[in-house]
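Here are the chains, one letter per residue:
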Amino acid sequence: MTQPEAHKRAEELRRLIEHHNYRYYVLDDPEVPDAEYDRLIRQLESLESRHPELVTPDSPTQRVSGTPMDGFETVRHRVPMLSLGNAFSDQEVADFYRRVAQGLEREDIEFAAEPKLDGVAISLTYVDGLLTTAATRGDGERGEDVTANVRTIRAVPLKLHGQGWPALLEVRGEIYMPRSGFEAFNRRARELGEKPLVNPRNGAAGSLRQLDPQLTAKRPLAFFAYSTATRDNLPDTQFDTLARLKDWGIPVNPEVRRVRGLDGCLAYHQRIGTLRPTLGYDIDGVVYKVDRFDQQGFLGFVSKAPRWALAHKFPAEEEITRLLDIDVQVGRTGALTPVARLEPVFVGGVTVTNATLHNEDEIRRKDVRPGDWVMVRRAGDVIPEVARAIHERRRDVLPEFQMPETCPECGSAVERVEGEAVARCSGGLFCPAQRKHSIRHFATRKAMDIEGLGDKLVDQLVEEGLVHTVADLYLLTHEQLVSLERMGGKSAENLLKALEDSKHPPLDRLLYALGIREVGEVTAHSLAAHFGTMKALQQADEQTLTEVSDVGPIVAGHVAAFFQQENNLQVIQALSEAGVDWQALEEQGGEQPLAGEIWVLTGALSMPRIQAKNLLESLGAKVTGSVSAKTTMLLAGEAAGSKLAKAQKLDVKVISESDFVKLLQSYGVQIS
Ligand code: 5U1
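Reading the values: the criteria
- Residues numbered from 1 in each chain as written.
- Predicted model: local features only at pLDDT ≥ 70, side-chain atom pairs only at ≥ 80, totals over all residues.
- Heavy atoms only, no water.
- 1 Å grid on protein atoms, 1.4 Å probe; cavity = no way out; pocket = protein on both sides within 12 Å on 5 of 7 lines; lining within 4 Å.
- Points joined across faces, edges and corners; volume = space filled by probe spheres on them.
- Helix = DSSP H or I, 4+ residues; strand = E, 2+ residues; numbered from the N terminus.
- Nonpolar A, V, L, I, M, F, W, Y, C, P; charged D, E, K, R; others polar.
- Domains from an automatic or database assignment.
- Axes fitted to C-alpha atoms, helices over the stretch in contact; angles between N-to-C directions.
- Parallel < 35°, antiparallel > 145°, perpendicular 65-115°, else oblique.
- Contact = heavy atoms within 4.5 Å.
- Near = heavy atom within 4 Å.
- Polar contact = N/O pair within 3.5 Å; in protein donor to acceptor, adjacent residues only side chain to side chain.
- Areas by Shrake-Rupley, 256 points an atom, 1.4 Å probe, with all protein chains shown as cover.

Enquirer: I'd like a description of the layout of surface pockets, backed by residues and values.
Expert: The method is simple in principle: a probe with the dimensions of a water molecule rolls over the atoms, and the space it marks as empty is what remains. Approximately 1900 Å³ is the volume found for the second largest pocket. Lining the second largest pocket are 44 residues, and of these R187, R190, E191, H358 and E518 sit closest to its centre. Of all the elements, helix α5 (residues 179-191) adds the most residues to the lining of the second largest pocket, at seven residues. Of the residues that constitute the lining of the second largest pocket, the class distribution is 14 nonpolar, 14 polar and 16 charged.

Enquirer: Give a detailed account of empty space enclosed by the protein, specifying residues and quantitative values.
Expert: The tally for this structure, following the rule as stated, stands at two cavities of 30 Å³ or more. Here the second largest cavity defines a volume of roughly 60 Å³. Lining the second largest cavity are E18, N21, Y22, Y25, V26, R63, R154, A155, V156, P157, H161 and G249. Taken together, the residues of the lining of the second largest cavity sort by class into six nonpolar, three polar and three charged. Taken together, domain 1 (3-62) and domain 2 (74-313) each give at least three residues to the lining of the second largest cavity, which thus spans both.

Enquirer: So what's going on with the packing of helix α20 (residues 553-564) against helix α21 (residues 566-577)? Which residues, and what values?
Expert: Direction vectors running N to C along α20 and α21 enclose 70°, while the axes themselves pass 5 Å from each other. By the criterion of interaxial angle, the relationship of α20 to α21 is roughly perpendicular. Each of F562, F563 and Q564 in α20 lies in contact with α21, whose residues at this interface are E566, N568, L569 and I572. Residues of the contact of α20 with α21, tallied by class, amount to four nonpolar, two polar and one charged.

Enquirer: Explain the domain arrangement of the protein chain residue by residue, including any values.
Expert: Partitioning the protein chain into structural domains gives domain 1 (3-62), domain 2 (74-313), domain 3 (318-393), domain 4 (423-586) and domain 5 (591-666). With centres defined by C-alpha atoms, the gap from domain 1 to domain 4 works out at 49 Å.

Enquirer: Report on the environment of L514, specifying residues and quantitative values.
Expert: Relative to the elements of secondary structure, L514 occurs in the loop between α16 (507-513) and α17 (521-531). Counting along the chain gives 499 residues from L514 to R15, while the straight-line C-alpha distance between them is 50 Å. Once you skip the residues sitting within four places of it in the chain, L514 turns out to touch M534, F562, I572 and L575.

Enquirer: Quick rundown of the site of the ligand? Include the residues and the values.
Expert: The ligand sits among L82, L84, E114, P115, Y226, S227, V287, K289, P306 and W308. The separation between a nitrogen atom of the ligand and a polar main-chain atom of P115 is 3.2 Å. Here the ligand has 380 Å² of accessible area as a free molecule, and 88% of this is covered by the chains. Listed by contribution, the elements that provide at least two residues to the shell around the ligand are β3 (110-117), β8 (222-228) and β10 (283-290). Considered class by class, the residues forming the shell around the ligand number seven nonpolar, one polar and two charged.

Set out below in structure tokens:
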């Protein structure tokens, strides 16, 4: 490649990468899969290493600078970074509204309303469209210069898009850690025996304060802008300003709305409160800002907070309470989980009395002891956890927690595999706790869907010695059932009918119901579709298993180990002898009804994208990132945008998510 050709290609790659960043972080509508994005970055890196003269400071390859710093410089903010007044009740919002209405001498005021992220406030300065400085809030007057670290966050553009930006633009917003990134980071930290992050906010703050930008670059951080400290070349309202920032490639929360009056504010608070568990990032409230800048100017400030803005808070997702005791629970796979018994505490909108402590190592690392005051965290739909102990409040010498050496349920030895954090009961299905869990799981709706077989009844059946394995369920008699406490004749009849009705599952459901470690519905379906029959699956070795989409070496190991265990083979045999018959459906499992088809996914789907993709692939379809004349079908979720328009232009067939689910059901795939 000649120098001019290399120059041209480098520019083209930079443009493409910036474009895909914009699609991903600003529009939330990626055009290409992650692998394609990574390929473009690698191409640019390779080109720049061959032609170092082509490297520009704003190149996407230059996000991480290699040199750790000794400390952070102090930056004086051009305009102070303000704080916000808080309201915790509708009445306090009504009071705020009255003050604003009186100040402006009018009713019916418009506000820009937006979620209030629980992250780290940051100020970004762009000079001639290039990011020059990123500073933390600090004391509001002076912050720390964290430019090198912020440059590593892909959601923050190094160079503004489009045109018309002012020569000097100062953007303010919040750096945050998405929940998925926080959970993935902590999962990995726990596996490696490293220190997990306490919560996403601390994760974001700690990541920004790393002296080595290489470390920040490894943290899953993101950014939303919420205001500007400069006003040149900007619209007259908060709402339109945010829209303009978005045009320039700066991520803005998609839930920002213009609302009218007190009722509009309260309805917005209510709506975002309902959405809160599904948002994918922590918020602690919503913010209302008088939309018109001239009205903001008129209202002015009181001490360091504006009179024209208010944070309307939600119930806290972290609270402090007393740890009464630590119990140990045995799960379906024998994993022993220490569970905190707490003095009841209202957190994340519910009263919490139990929270997970994950594992023994984590308890040691956090040095949590019965009797301690602890910080309990309940965010989104995540199980409540003890985030940390408040050691400053410990008054007495408290005993350390000891993991029992024998299973609290069956007395079998507790084992801990070298390198694994989890301790397990070695009793297998001899352990009543594991048996109960495996039978409960077998009966669930997504598994064999046995109506009427609830947790309490499973406990009774196991405790009375009527059921040892899931196969025994199919040998239960009316007489045995009615002999149980609280079981009437009609209920017994209904249960026997439900058991009879469940006898012909598709292979994937049965596989899921068997409770093989790490085999969820999607993997079960992939296995069933790949092997077609139980026999073929049983005979597959680990290497063959990894050929199945969605199956990596760890899952392959668990599947192979499951079918090597004589007990498990006996249960499958006993199920078959009891009349459970998956044979007739096995042939269907092997079919690939969508073989040869090319699908594209767009818009917001209610099922995780990866699930839709895996399901399609297990039915034989290929899933690609962009629509072309070769696309067979576009699956369009809510708010589908340019891909939908392109599909319509190219006459590509479009399917809604509800029709997609029906289609899957017609192939015997159950999703709920
Ligand atoms: N969403 C949002 N968060 N937040 C924090 N908007 C917002 N505005 C703020 C702060 C401190 O201050 C304004 C006064 C610009």
